[in-house]
Amino acid sequence: MSETGNFIRGLRWHIGDLDSATSKITNFLNDKKTNHIITANMEILSMAFKSKELKELCANADMHIPDGIGAVKLLKKLGFSKTKRIPGIELCLEALKKMPEGTKIYLFGAREGIARKALENLSLQFLHLVFVGSHEGFGYEDSKLVKEINNSGAQVLLVALGVPKQELWIAKNKGKLNDVRVAIGVGGSFDVWAGDVNRAPRFFQKTNLEWAWRIFSQPARLPKFLMTIAGFLPVYLRAK
Ligand code: UDP
């Protein structure tokens, strides 16, 4: 056992399949508080060891989903042999599919027009849900936005600001969100749902090479990716 291993083990991991993960998430709708779900990848896990704020935030989140092959390998190394990778984007879509009729959803994040377009597309796909509003992820004011989300009656908040902005925003504001029961950071998902960016072809998804596709299709991501690997490797090696 190591301190790194103990911290990772102590998080509220969902070890299981997509179906059981989405059942837990729909159950959160009956809670009295805002549940923060982290789709944990190499980036957030390595950042947590460099920032006290992020470490605390991770420890206080209500559910951690192994999103990404790095998180899966780390958990398996720590003895969670049944860990399955659940990509955040799939988790969200499956959870939305399962939510009860009339559940209210709010989308916050991404560039101008993207959240609105994603909202339009999702509302055509999930006719049983009510998409109550959206806001872009640049030039917002927290207090105004919280008010808007509260006025909308949103129960589910999808936040697409990238890692770790989205996690920090949820942690900072979750105590002020009146009806929100589920808040998830969804990274670049709005760009995909809006039709602005393509998800990796099936082959890359199935072979856990989605990261390679993202770098291939957006080479500007390479330096960030290399930094992430460099930050994650020591965490992986230290974890016992
Ligand atoms: N984004 C945003 N506000 C910001 C930074 C990023 O709304 O201040 C959005 C960005 O437009 C994209 C999403 O966050 O839709 C994810 O960004 P990125 O791809 O950089 O994050 P990653 O998927 O690498 O976590």
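Values in this document were obtained by computation on a predicted structure and should not be read as measured data. (Residues numbered from 1 in each chain as written. Predicted model: local features only at pLDDT ≥ 70, side-chain atom pairs only at ≥ 80, totals over all residues. Heavy atoms only, no water.)

The topology assignment puts aspartate 67 in the loop between strand E2 (63-66) and helix H5 (69-77). Of the side chains with opposite charge, arginine 85 lies nearest to the buried aspartate 67, which makes no salt bridge, at 4.4 Å. Residues in contact with aspartate 67, not counting those within four places in the same chain, are Thr39, Ala40, Asn41, Arg85, Ile86, Pro87 and Gly88. (Helix = DSSP H or I, 4+ residues; strand = E, 2+ residues; numbered from the N terminus. Buried < 20%, exposed > 50% of the residue type's maximum accessible area, 1.4 Å probe, protein only. Lys, Arg positive; Asp, Glu negative; His and termini not counted. Salt bridge = Lys/Arg side-chain N within 4 Å of Asp/Glu carboxyl O. Contact = heavy atoms within 4.5 Å.)

Quick look at the packing of helix H8 (residues 142-152) against helix H9 (residues 165-173) now. Angle between the axes and distance between the axes: these two values describe a pair of packed helices. Orientation of H8 relative to H9, taken along the N-to-C sense of each, is 70°, at an axis distance of 12 Å. By the angle between their directions, the pair H8 and H9 is classed as roughly perpendicular. From H8, Asp142, Leu145, Val146 and Ile149 reach across to H9, where they touch Trp169, Lys172 and Asn173. For the contact of H8 with H9, a count of residues per class yields four nonpolar, one polar and two charged. (Axes fitted to C-alpha atoms, helices over the stretch in contact; angles between N-to-C directions. Parallel < 35°, antiparallel > 145°, perpendicular 65-115°, else oblique. Nonpolar A, V, L, I, M, F, W, Y, C, P; charged D, E, K, R; others polar.)

Bringing the packing of aromatic side chains into the picture now. Here the structure, examined in full by the defined rule, presents nine aromatic pairs. Counting every residue linked through ring pairs, the aromatic cluster contains Phe203, Phe204, Trp213 and Phe216. Stacked on the ring of phenylalanine 7, the Lys or Arg lysine 55 has its end atom at 5.1 Å from the ring centre. When the ring centre of tyrosine 236 is taken as reference, the NZ or CZ atom of lysine 77 above it lies at 4.7 Å. (Phe/Tyr/Trp six-rings, centres within 6.5 Å; stacked < 30°, edge-to-face > 60°. Lys NZ or Arg CZ within 6 Å of the ring centre and 35° of its normal.)

Per the counting criterion, the structure on display carries twelve salt bridges. Between glutamate 90 and arginine 199 there is a salt bridge; the shortest N-O distance is 2.9 Å. With glutamate 90 in helix H6 (residues 88-98) and arginine 199 in the loop between helix H10 (189-193) and helix H11 (202-206), this pair connects stretches of sequence that are 109 residues apart. On the basis of relative accessibility, which here comes to 21%, the residue arginine 199 falls in the partly exposed class. We note a salt bridge from aspartate 196 to arginine 111, for which the minimum N-O separation is 2.7 Å.

Let us look at the site of the ligand. Around the ligand sit 16 residues, and of these Ala110, Gly137, Lys165, Asp191 and Arg221 come closest. One of the backbone nitrogen or oxygen atoms of alanine 110 is found 2.8 Å away from an oxygen atom of the ligand. Here arginine 214 contributes a side-chain N or O atom positioned 3.5 Å from an oxygen atom of the ligand. When isolated, the ligand has an accessible area of 540 Å², and the protein chains bury 81% of it. Here the residues of the shell around the ligand sort into five nonpolar, five polar and six charged. (Near = heavy atom within 4 Å. Polar contact = N/O pair within 3.5 Å; in protein donor to acceptor, adjacent residues only side chain to side chain. Areas by Shrake-Rupley, 256 points an atom, 1.4 Å probe, with all protein chains shown as cover.)

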